[in-house]
Amino acid sequence: MAINWFKYSAPSTFYGLAGKLTPWFAWPAALLFAVGLYIGFFVAPTDAIQSEAYRIIFIHVPASILSMFLYLIMAGYAALGLIFKTRLSSMMASALAPTGALFALISLWTGALWGKPMWGAWWVWDARLTSELILLFLYLGFIALQASIEDPRRADKASALLAIVGSVNVPIIYYSVQWWNTLHQGATIKMTGTSMHVAMQQSMFTVLVACWLYAIAMGLSRVRSIILEREANTQWVKELPEVKQ
Amino acid sequence: MSRLSVFGLLGLVIKRDLLLAMRRRADVLTTLIFFVMVVSLFPLGVGPEPDMLRKMAGGVLWVAALLSSMLSLPRMFSADHIDGTLEQMMLAPQSLTVMVLGKIVAHWMLSGLPLVLIAPVLGLQFDMPADAIGILMLALLLGTPVLSMIGAVGAALTLGLRGGGVLVSLLVLPLTIPVLIFGAGAVEAVSGGMDAASNLSLLGAFLLFALVFSPFVAAQALRISME
């Protein structure tokens, strides 16, 4: 039996698939968030140096990891859309951008909340904080460019080019910021070399998986809205039961 | 019609843009005046202590250069877009990449080069030592073309959009951060008694990297915007 590999690259077929898949990612995400945060807040022991304040790490680190990966995935989808002219890839890219920006914001916010008790300041110009801020700027640029172009095809292509240029620049920016930081100020407080407790690792890993599932669920449900919006004039959308009523 | 060589085409585009700019000198002067003004505002904002001014001069001049180069970006393609010249350029059998490079060079000569030339005067306002001023000029000479090149991509992407001026800054400024870091770093290294060679080398590397890729990417962006 021949398998049609490209069946789900058409928005009309993917719409249904995404709708079926979303709960399969959303519910495990909610469950794992609950489990991971329970372990983080109640099972993991108090840290010897940072006492209770360190517990924000269980949100901070997964959010930072996600914000970086999502930019690359978004740029990858955007590039696919630009090169192979697959509409769905471009839609996926624009569906992921707000989630990525959200994670970047959460990462900055929790970083500031963590910095106050640890470093005594809401914000320090630490290399990692600064690069995260620039990453947020890149996300916002992508979203703003897409929002200001009315023709969706041009918006997809233009923002794809921007995402590709951005992802080429990300390592350059990262290393420049790091070098700038070491030039300007002495070593900021770093995580001490103490090995992490097993419960801490479990909690962080569980929340990380939950964040991934959440990002996928959000991406799928947002891409459904984008599909509906862009294909509003097609026959298959008009025949959908949820549109008809 | 005789065939144009690549350099002939490049020269033609540069000459045309320069000629057009000379007919409307006010545009060029506005950018320059903006640069001088922004730099002069800083001492008013932070106070006139010479020690502090000397310390922040490099950074202030670089940030002002960044802002004033953003100011002139929307003009890079918009006039040609409005009167239809850009369409003719894209239909021409010659390479669009080379023509875009020509426009970038012309844009730099009109918006970047004046900043390099006026920078020593502003440096004196901030009581910078002579060797730091020399390095500042060299760093600006290497860095401002990169600003025009990255900016060209942003200008091409936002061609003809409403609110394009603010949008282009939003897109381009984060990408210019490495230039800012190493440009200001070169000046600071000299003031701190260190060698600025590493910073200048990196700026040179950015220049070459941008020179290879940005005209092509900007040409692609123009094709997307003109479809």
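Residues numbered from 1 in each chain as written. Chains lettered and ligands numbered in written order. Predicted model: local features only at pLDDT ≥ 70, side-chain atom pairs only at ≥ 80, totals over all residues. Heavy atoms only, no water.

Engineer: Any chance you could explain the overall build of chain A here in plain terms?
Structural biologist: Within chain A, the secondary structure is distributed over 8 helices and 0 strands. When the helices and strands of chain A are read in sequence order from the N terminus, they spell out α-α-α-α-α-α-α-α. The buried share of chain A, taken over its 245 residues, is 44%. At a minimum sequence separation of 6, the contacts of chain A that also span at least 24 residues come to 77%. In the structure as shown, chain A presents an accessible area of about 13000 Å², 70% of it carried by carbon and sulfur atoms. If you average the places of the 16 positive and of the 11 negative side-chain charges in chain A, the two averages end up 5 Å apart. (Helix = DSSP H or I, 4+ residues; strand = E, 2+ residues; numbered from the N terminus. Buried < 20%, exposed > 50% of the residue type's maximum accessible area, 1.4 Å probe, protein only. Contact = heavy atoms within 4.5 Å. Areas by Shrake-Rupley, 256 points an atom, 1.4 Å probe, with all protein chains shown as cover. Lys, Arg positive; Asp, Glu negative; His and termini not counted. Charge placed at Lys NZ, Arg CZ, Asp CG, Glu CD.)

Engineer: Can you walk me through the side chain of Ser176 of chain A in this structure?
Structural biologist: Residue and element names in this part refer to chain A. Relative to the elements of secondary structure, Ser176 occurs in helix α5 (residues 152-184). Residue Ser176 is classed as buried on the basis of its relative accessible area of 1%. A polar atom in the side chain of Ser176 sits 2.4 Å from the backbone oxygen of Ile172. (Polar contact = N/O pair within 3.5 Å; in protein donor to acceptor, adjacent residues only side chain to side chain.)

Engineer: How should I be thinking about the interface of chain A and chain B in this particular structure?
Structural biologist: Frequently, the measure chosen for interface size is the accessible area that the parts lose on association. Contact residues are listed per partner, giving 27 residues for chain A and 27 residues for chain B. The contact between chain A and chain B buries some 2300 Å² in all, and 76% of this surface belongs to carbon and sulfur atoms. Of all residues in chain A, Arg154, Leu161 and Trp179 of chain A give up the largest surface area on contact with chain B, accounting jointly for 25% of the area buried on that side. For the pair chain A and chain B, the interface holds 0 salt bridges. For the pair chain A and chain B, the number of links is 3 residue pairs in polar contact (both at pLDDT 80 or more). (Buried area = accessible area lost by both parts, 1.4 Å probe. Salt bridge = Lys/Arg side-chain N within 4 Å of Asp/Glu carboxyl O.)

Engineer: Sorry if this is basic, but what is going on with helix α3 (residues 87-119) of chain A here?
Structural biologist: Helical geometry note: an α-helix holds 3.6 residues per turn, so side chains three or four residues apart project in the same direction. When the terminal C-alpha atoms of α3 of chain A are compared, their 47 Å separation across 33 residues agrees well with the 48 Å that a helix rising 1.5 Å per residue should span. Looking at the residues trailing α3 of chain A, positive phi occurs at Gly120 of chain A, about 80°. (Expected span 1.5 Å × (residues − 1).)

Engineer: Explain a nonpolar patch on the surface to me, please; I cannot follow it from the model alone.
Structural biologist: On the surface, Tyr38, Phe41, Phe42 and Val43 of chain A cluster together into a nonpolar patch covering about 460 Å² of accessible area. Here Tyr38 of chain A is to be found in helix α1 (residues 11-43). (Patch = residues over 30% accessible without salt bridge, like charges linked within 9 Å, V, L, I, M, F, W, Y side chains within 5 Å.)

Engineer: Any chance you could explain the packing of aromatic side chains here in plain terms?
Structural biologist: Geometry of an aromatic ring pair is reported as the spacing of the ring centres plus the angle between the planes. All names here are of chain A. Considering all chains together, one arrives at 9 aromatic pairs over all chains under this definition. Considering the side-chain rings of Phe33 and Tyr214, the 6.5 Å spacing of their centres and the 70° angle between planes classify their relative orientation as edge-to-face. Remark: Tyr214 occurs in helix α6 (residues 198-230) and Phe33 occurs in helix α1; sequence separation between them is 181 residues. A residue is classified by how much of its surface remains accessible, and Phe33, at 25% relative accessible area, is partly exposed. When the ring of Phe103 is compared with that of Tyr214, the centres are 6.0 Å apart and the planes differ by 85°; the resulting orientation is edge-to-face. Here Tyr214 lies in helix α6 and Phe103 lies in helix α3, a separation of 111 residues in the sequence. Since its relative accessible area comes to 3%, Phe103 is described here as buried. Grouped by ring-pair contacts, the aromatic residues Phe33, Phe103 and Tyr214 constitute a single cluster. The positively charged end of Arg224 is found above the aromatic ring belonging to Tyr15, 4.3 Å away from the centroid. (Phe/Tyr/Trp six-rings, centres within 6.5 Å; stacked < 30°, edge-to-face > 60°. Lys NZ or Arg CZ within 6 Å of the ring centre and 35° of its normal.)

Engineer: What's the story with the pattern of salt bridges in this structure? I'm lost.
Structural biologist: As a working rule, side chains carrying opposite charge can pair if their charged atoms are close by. All names here are of chain B. Throughout the structure, instances matching the rule amount to 10 salt bridges over all chains. Close ionic contact of Asp17 with Arg16 constitutes a salt bridge, the shortest N to O distance being 3.1 Å. Exposure remark for Arg16: the relative accessible area of 26% places this residue in the partly exposed category. In this structure, the salt-bridge partner of Arg75 is Asp27, at a minimum N-O distance of 3.8 Å. Of this pair, Arg75 sits in helix α4 (residues 75-82) while Asp27 sits in helix α2 (residues 25-46); the two residues are 48 residues apart in sequence, bridging distant segments of the chain. Each of the salt bridges in this network shares a partner with another, and the network as a whole consists of Arg16, Asp17, Asp80 and Lys103.

Engineer: Honestly, the environment of Met68 of chain A in this entry has me stumped. Any pointers?
Structural biologist: Residue and element names in this part refer to chain A. With respect to the helices, strands and loops of the structure, Met68 is situated in helix α2 (residues 57-84). Met68 gets classed as partly exposed once you look at its relative accessible area, which sits at 46%. Put simply, Met68 and Arg87 are 19 residues apart on the chain and 24 Å apart in space, counted from C-alpha to C-alpha. Not counting chain neighbours up to four residues away, the residues in contact with Met68 comprise Glu132 and Leu135.

Engineer: What is the right way to read the confidence of the model for chain B from this model?
Structural biologist: If pLDDT is low for a region, its predicted coordinates should not be looked at in detail. Within chain B, residue pLDDT values average 90, and 99% of them lie at 70 or more. Predicted complex, confidence summary: ipTM 0.86, pTM 0.88. (pLDDT = per-residue confidence, 0-100.)

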